[in-house]
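# A look at the structure
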Amino acid sequence: QVQLVESGGGLVQPGGSLRLSCALSGITLSHYAVGWFRQAPGKEREGLSCISNTGDTRYQDPVKGRFTISRDSAKNTVYLQMNNLKPEDAAVYYCASRPFECSGYTLGMDYWGKGTLVTVSS
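A short tour of the structure in this document, coming up. The model shown is predicted, which means the values in this text are computed figures rather than measured ones.

## Side note on the overall build of the chain
- A tally of helices and strands in the chain yields zero helices and 11 strands.
- Secondary structure elements in the chain, listed N-terminal to C-terminal, are β-β-β-β-β-β-β-β-β-β-β.
- Computed over its C-alpha atoms, the radius of gyration of the chain comes to 13 Å, within 12% of the 14 Å expected for a compact globule of 122 residues.
- A principal-axis box enclosing the C-alpha atoms of the chain has dimensions of 40 × 25 × 25 Å.

## Here we look at the side chain of T77
- Along the chain, T77 turns up in strand β8 (residues 77–82).
- Classification of T77 as buried rests on a relative accessible area of 8%.
- Within the local environment of T77, its side chain forms a polar contact with the backbone oxygen of K75, the two atoms lying 3.0 Å apart.
- Dropping the residues within four chain positions of it, T77 is found in contact with S21, C22, A23, L29, S70, R71 and D72.

## Focus: the pairing of strand β9 (residues 91–99)
- Where strand β4 (residues 32–39) and β9 come together, eight bridges link them in antiparallel fashion. Within the sheet, the bridge partner assigned to V34 lies in β9 and is S97.
- In this structure, β9 lies alongside strand β11 (residues 116–120), joined through three bridges in antiparallel fashion. Within β11, the residue paired with Y93 across the bridge is T116.
- Two strands pair when backbone bridges link them, and β9 and strand β10 (residues 111–112) are joined in this way by two bridges, in the antiparallel orientation. The partner of A96 across the bridge, within β10, is W112.

## What to know about the nonpolar core
- One finds M82 and Y93 to be the most contacted residues of the largest nonpolar core, which totals 26 residues.
- Counting residues per element, the ones that place at least two in this core are β3 (18–25), β4, β5 (46–51), β7 (67–72), β8, β9 and β11.
- For this core, the element with the most residues is β3, which contributes four residues.
- Residues contacting M82, with those up to four places away along its chain left out, are G16, S17, L18, L20, R66, F67, Y93 and V118.

## What to know about the packing of aromatic side chains
- In this structure the tally under the stated criterion is three aromatic pairs.
- Taken together, a centroid distance of 4.7 Å and an interplanar angle of 50° make the contact between F37 and W112 tilted. Of this pair, F37 sits in strand β4 while W112 sits in strand β10; the two residues are 75 residues apart in sequence, bridging distant segments of the chain.
- F37 gets classed as buried once you look at its relative accessible area, which sits at 3%.
- You can call W112 partly exposed: its relative accessible area is 29%.

## Regarding the sheet that holds β8
- Read across the sheet, four strands follow the order β1-β3-β8-β7 without closing on themselves; strand pairing throughout is antiparallel. With one partner strand each, in any of the chains shown, β1 (3–7) and β7 form the two edges of the open sheet. Pairs of neighbouring strands in the sheet enclose a mean axial angle of 20°, with direction left out of account.
- Both β1 and β3 contribute to a ladder of five bridges, which runs antiparallel. Paired with V5 across the bridge in β3 is A23.

Conventions used here
- Residues numbered from 1 in each chain as written.
- Predicted model: local features only at pLDDT ≥ 70, side-chain atom pairs only at ≥ 80, totals over all residues.
- Heavy atoms only, no water.
- Helix = DSSP H or I, 4+ residues; strand = E, 2+ residues; numbered from the N terminus.
- Rg over C-alpha atoms; globule rule 2.2 N^0.38 Å.
- Buried < 20%, exposed > 50% of the residue type's maximum accessible area, 1.4 Å probe, protein only.
- Polar contact = N/O pair within 3.5 Å; in protein donor to acceptor, adjacent residues only side chain to side chain.
- Contact = heavy atoms within 4.5 Å.
- Pairing = 2+ DSSP bridges.
- Core = buried A, V, L, I, M, F, W, Y, C linked by side-chain atoms within 4.5 Å.
- Phe/Tyr/Trp six-rings, centres within 6.5 Å; stacked < 30°, edge-to-face > 60°.
- Axes fitted to C-alpha atoms, helices over the stretch in contact; angles between N-to-C directions.

Here it is, written out as structure tokens:
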């Protein structure tokens, strides 16, 4: 059974930081790419970042310079470090996976987690 479980969401003030985790089971980081997405109320789901099975990383413009994706192969876990958070970053954050490469990750992923809520408020 393939399972992706997000954790680390919560309430943070503008300008603060948060680290999200995505724990994988049934698939391994040596063969799968993992991406992060978010969806705010009334908006479409938005791709943010991706790390391939070889460790190559990609970022979309709204989070470049603020968010960092990384992985711990021994723990089979992917992280999203979020710095300088803004109110517009508030959303449900999802991790998702596909085999091998990140090319086209904003258009399609095979497996999805249930999401973790991030609230940015003063």
